[in-house]
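Chain by chain, the residues run as shown.
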Amino acid sequence: KAGVTQTPRYLIKTRGQQVTLSCSPISGHRSVSWYQQTPGQGLQFLFEYFSETQRNKGNFPGRFSGRQFSNSRSEMNVSTLELGDSALYLCASSKDETQYFGPGTRLLVL
Amino acid sequence: GQNIDQPTEMTATEGAIVQINCTYQTSGFNGLFWYQQHAGEAPTFLSYNVLDGLEEKGRFSSFLSRSKGYSYLLLKELQMKDSASYLCAVRDTGGSYIPTFGRGTSLIVHP
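Conventions and cut-offs
- Residues numbered from 1 in each chain as written.
- Chains lettered and ligands numbered in written order.
- Predicted model: local features only at pLDDT ≥ 70, side-chain atom pairs only at ≥ 80, totals over all residues.
- Heavy atoms only, no water.
- Helix = DSSP H or I, 4+ residues; strand = E, 2+ residues; numbered from the N terminus.
- Buried < 20%, exposed > 50% of the residue type's maximum accessible area, 1.4 Å probe, protein only.
- Contact = heavy atoms within 4.5 Å.
- Areas by Shrake-Rupley, 256 points an atom, 1.4 Å probe, with all protein chains shown as cover.
- Lys, Arg positive; Asp, Glu negative; His and termini not counted.
- Charge placed at Lys NZ, Arg CZ, Asp CG, Glu CD.
- Polar contact = N/O pair within 3.5 Å; in protein donor to acceptor, adjacent residues only side chain to side chain.
- Phe/Tyr/Trp six-rings, centres within 6.5 Å; stacked < 30°, edge-to-face > 60°.
- Lys NZ or Arg CZ within 6 Å of the ring centre and 35° of its normal.

S.K.: Would you mind going over the overall build of chain A with me for this structure?
M.R.: Helix and strand counts for chain A come out as 0 helices and 11 strands. In sequence order, the secondary structure elements of chain A are arranged as β-β-β-β-β-β-β-β-β-β-β. Seen through its C-alpha atoms, chain A measures out along the principal axes to roughly 35 × 25 × 25 Å. Each of the 110 residues in chain A was classed as buried or not, and the buried ones make up 50%. For chain A, long-range pairs separated by at least 24 residues make up 52% of all intrachain contacts whose partners lie at least 6 apart in sequence. Entry remark: accessible area of chain A is about 5,300 Å², with carbon and sulfur atoms responsible for 49%. Of the side chains in chain A, 12 bear a positive and 7 a negative charge, and the two mean positions are spaced by 5 Å.

Below you can see the structure in the form of structure tokens.
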């Protein structure tokens, strides 16, 4: 069974730009969660989607948004990028209590 | 909310045993996870405890005491490849399936 995939793997943007990251969950998994990971803050929850609806949301500003499609694939968007948005963005899919993570997208904002 | 505490860094010798502790405070406990994360890679699932006691899985074991808000991950017969960050994550009963992660313990295994 294929694992969680994320594209792109690496991305360089400049302040003020926007970015869209994509995540394809494991087949049959309807829940997709997004996390931001930085050395200083660890793994911080962004939001979770289930059946195309945002089910849970972390404490991030409105510049961070997401959506989920009918095939459970999910995208997250960050608008008006700031230097502090440089991080590893991880997507995780789940069918029950266990989350399975993708390889992440490493975003660098210059 | 939740508060999860684990040591920042530990070192151990190849072949030895190491215990990584995690303490937590939560208003309603609904499961504890351990993940392993190698540098530059995604976290991978190691264990899930929801009842008190020890769960053994090969060289790795995880223990939970709900009354003490305490868990540990035990790694036996350490190998160099076990050098990684170990993340403790706790889920509460607040209606969300989303666990809160600790900052991780960086384990360095040396020869």
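Structure shown, so let's carry the discussion forward.
S.K.: Where do I start with the side chain of A:S74 in this structure?
M.R.: Residue and element names in this part refer to chain A. Along the chain, S74 turns up in strand 8 (residues 74-78). Using a relative accessible area of 0% as the deciding quantity, one classes S74 as buried. One polar contact links S74 to W34, side chain to side chain, over a distance of 2.9 Å. Of the polar contacts made by the side chain of S74, one reaches the backbone oxygen of R67; its length is 2.9 Å. Once you skip the residues sitting within four places of it in the chain, S74 turns out to touch L21, S22, C23, V32, W34, Y49, R67 and Q68.

S.K.: How do you make sense of the packing of aromatic side chains when you look at a structure like this?
M.R.: When we look at a pair of aromatic rings, we describe it by the centre distance and by the angle of the planes. All names here are of chain A. Considering all chains together, one arrives at 16 aromatic pairs over all chains under this definition. Their ring planes at 65 degrees and their centres at 5.7 Å tell us that Y35 and F45 sit as a pair that is edge-to-face. Of this pair, Y35 sits in strand 4 (residues 31-38) while F45 sits in strand 5 (residues 42-50); the two residues are 10 residues apart in sequence, bridging distant segments of the chain. What makes Y35 buried here is its relative accessible area of 0%. Above the face of the F50 ring, R55 is positioned so that its terminal group lies 4.3 Å from the ring centre.

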